[in-house]
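Structural characterization, general
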Amino acid sequence: MFLALTADQRYWPEDGARLLVGEWCDPLSEGLGELMDPPWPDAEAFDQACRSANDYYEQSLKSIAKALNGIHGSSHSDLYWRIVVGPWLLHHIHSLYDRYCYLRHAFGENRVTTVAVMRKSLYVYPADHSEQKSALQRDGFNLQMFGELIERMRLPSMVVVEEKAHALEQRNEVSQSVRRVPGIRSLWNEYGTVVWDRALAKLIYPEGKVGIYRLYWTVADVVRLLRSAKGQIRPMSFRPMTSLVSEAVRDGALREQLGAGAHGDEFLRLALELTALYLPSLYLENYKEARAKSLAGKKPFPETIISSVGYFGSEHFKLYAAEAAESGTELRGMQHGGGYGMAQCFPHEEHERAITSRYYAWGWGGGKKSKVMNLPRPKLKVRTVGVRQRKGRLLFVSSSSSLYRLRFSSLGTWKKAYDFDRTTFVSSLTTALRRETVVRLYPSSYGREDEAGMRKKYPELTFDCTQPALDAMKGSEVVVIDHCITSMIEALILNIPTILFWDRSLWPLRDEANRHVDAMEDVGMFRSSARETAEVLNGGLENVQTWWRNDAVQRVREDFVRDYGYCRADWAEVVAREFSAKRDLVSSTTYHHC
């Protein structure tokens, strides 16, 4: 049987049976072949895969840190390289292990006789972490990754590997995804925030001893914090990462040196070989240039550096923060979305906590002597924004995930089951209630065309992602959410009648988070059945509003908000005091590990 690795049918035979390795081969579920079951039969097996991917990441990090020190003639700590290379390496190892598991599962069934891969001359190599994340969501680059793995794996003798050269368009697709001509929004994301950062850094308290960078706050919130800090805190600015390297280069000899002595089991060996091949030039050939530019004009380092999304989102900042940490600067991190403190396996949180001496959470942290400390966030405060014209009585907030896994996580993993529950919920609503329903989907459908499919089947629904989520919630009588990330927290803070539903076996949470979900289930706030949730709403939204005012329901809501949505009116003063305070450092190696 032919094994299809991509949706590009130029890589498929014209006729005959075909086994589709994953749902990305048939993103619109058109029945183009036999879809292979995932390598993990249940959530427990997937959790073990998550643990394995993390273990491989840690082993790879130690190996790459030692090799890079040798190549660059440096003696940086593992922490330094974890800060600089860690985000790229995390996605690299996790995505490789995911594709490897799919291939091992496919070949292990002894049904595959033929597979087609891309010609090597058409391969592309992302130059930094941002390019890698874009490429990992594209068919062409993933077909390239499958080809790299197949070349290095021990395959059954009956498998014939065909090489095809239909990848010119795939190459352009990848190139456009990682070096696309930017639109107005992407230009603002790339340069607009830099303009604001630089303006604030020069005009407001430029000499503060605590540096802040990309807290994931509005400019108004940052200004309010700076005024409360009275000169103790200063915003930091960094140019876009494209300014770090004049021209990306690749040196084959250096990469051979980097990959020399790859060892371990089959996956670790090939992972180290491919790490040497795919390591962005920013960390290898262009490293010295990038390092010098990141430090230019920015010494002395502040006593403390605090960031939320900077540790993953800015190559410039990562290089600077790593150097600062080795010079004695304290690094602190902050939660910037839902899932933190809740998901059983959440690599983003693990990385951020591993590289910082103090981490600020939205309520699930420990006391003042704990590494994870609670701190109110302005994004979670109840805002007094104006509510736009209401478009429906019921707001249904749903999510999505990439066709190709970027990293293992306990949240949003089981897409097929998730889609089934969403469809079950919508189809179980009465037609009259669907006419009163606004559906808010994730901004990106990742090629699945979720909205188009739902519009065709349920034309009476309204879809809207144009207004801010908080405005949409305030303009609704009842909110329904089918996932446990940021929207859930915001809805419960706003105290809008909210019903949650998802399959708990597919969204494994930590014990403390499960305790809250148990309490929600006891009072009817959470339901494990999509159909049952719809039936409750069909009984009348007025009944839901009456139920919501019940004392028992409100106690459960307040308990959850206390632990996962900490907010207060004087947040700026509280945050300013904490940011400015010197603390005893907590070991950066003590962090939650799934």
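Note: the structure precedes this text.
Right, let's walk through the structure included here. (Residues numbered from 1 in each chain as written. Predicted model: local features only at pLDDT ≥ 70, side-chain atom pairs only at ≥ 80, totals over all residues. Heavy atoms only, no water.)

1. Some details on the overall build of the chain
Formally: Only DSSP runs of H or I reaching four residues or more are called helices, and only runs of E reaching two or more are called strands; each is numbered from the N terminus. Burial classification: accessible surface area is computed with a 1.4 Å probe over protein chains only, and a residue below 20% of its type maximum counts as buried, one above 50% as exposed, and the rest as partly exposed. Whether two residues touch is decided by their heavy atoms; if any such pair falls within 4.5 Å, the residues are in contact. Residue burial considers only the protein chains on display, and all accessible areas are found by Shrake-Rupley using a 1.4 Å probe.
For the chain, the count of helices and strands is 23 helices and 17 strands. Across the 594 residues of the chain, 57% fall into the buried class. In the chain, the share of contacts with a sequence separation of at least 24, taken over all contacts with a separation of at least 6, comes to 76%. About 24,900 Å² of surface is accessible on the chain, with carbon and sulfur atoms providing 49% of the total.

2. As for the pattern of salt bridges
Heads up, the condition is: Should a side-chain nitrogen of Lys or Arg be within 4 Å of a carboxyl oxygen of Asp or Glu, the pair is scored as a salt bridge.
Using the criterion set out here, one finds 37 salt bridges in the structure. For Arg111, the salt bridge is made with Glu109, and the minimal N-O distance between the two is 3.7 Å. On the basis of relative accessible area, Glu109 is assigned to the partly exposed category, the value being 34%. Residues Lys318 and Glu315 are paired through a salt bridge, measuring 3.0 Å at the closest nitrogen-oxygen approach. In this pair, Lys318 and Glu315 both sit in helix 12 (residues 315-326), three residues apart, roughly one turn of the helix. Through salt bridges with shared partners, a single network forms among Lys120, Glu148, Glu151, Arg152, Arg269 and Glu273.

3. A word on the packing of aromatic side chains
Note the threshold: In this analysis, rings of Phe, Tyr and Trp, with Trp reduced to its six-membered ring, are considered paired at centre separations within 6.5 Å, and the interplanar angle assigns stacked below 30 degrees, edge-to-face beyond 60, and tilted for intermediate values. Geometrically, a charge over a ring is one whose NZ (Lys) or CZ (Arg) sits within 6 Å of the ring centre while staying within 35 degrees of the ring normal.
On inspection of all chains with the given rule, the structure shows 35 aromatic pairs. When the centroid spacing of 4.8 Å and the interplanar angle of 65° are considered together, the rings of Trp502 and Phe526 count as edge-to-face. Of this pair, Trp502 sits in the loop between strand 16 (498-501) and helix 19 (511-523) while Phe526 sits in strand 17 (residues 526-527), and the two are 24 residues apart along the sequence. Counting every residue linked through ring pairs, the aromatic cluster contains Trp24, Trp40, Phe46, Tyr56, Tyr97, Tyr100, Tyr102, Phe146, Phe267, Tyr404 and Phe408. Taking the ring centre of Tyr125 as reference, the NZ or CZ of Arg250 above it sits at 4.1 Å. The ring of Phe408 carries the charged tip of Arg405 above its face, separated from the ring centre by 5.3 Å.

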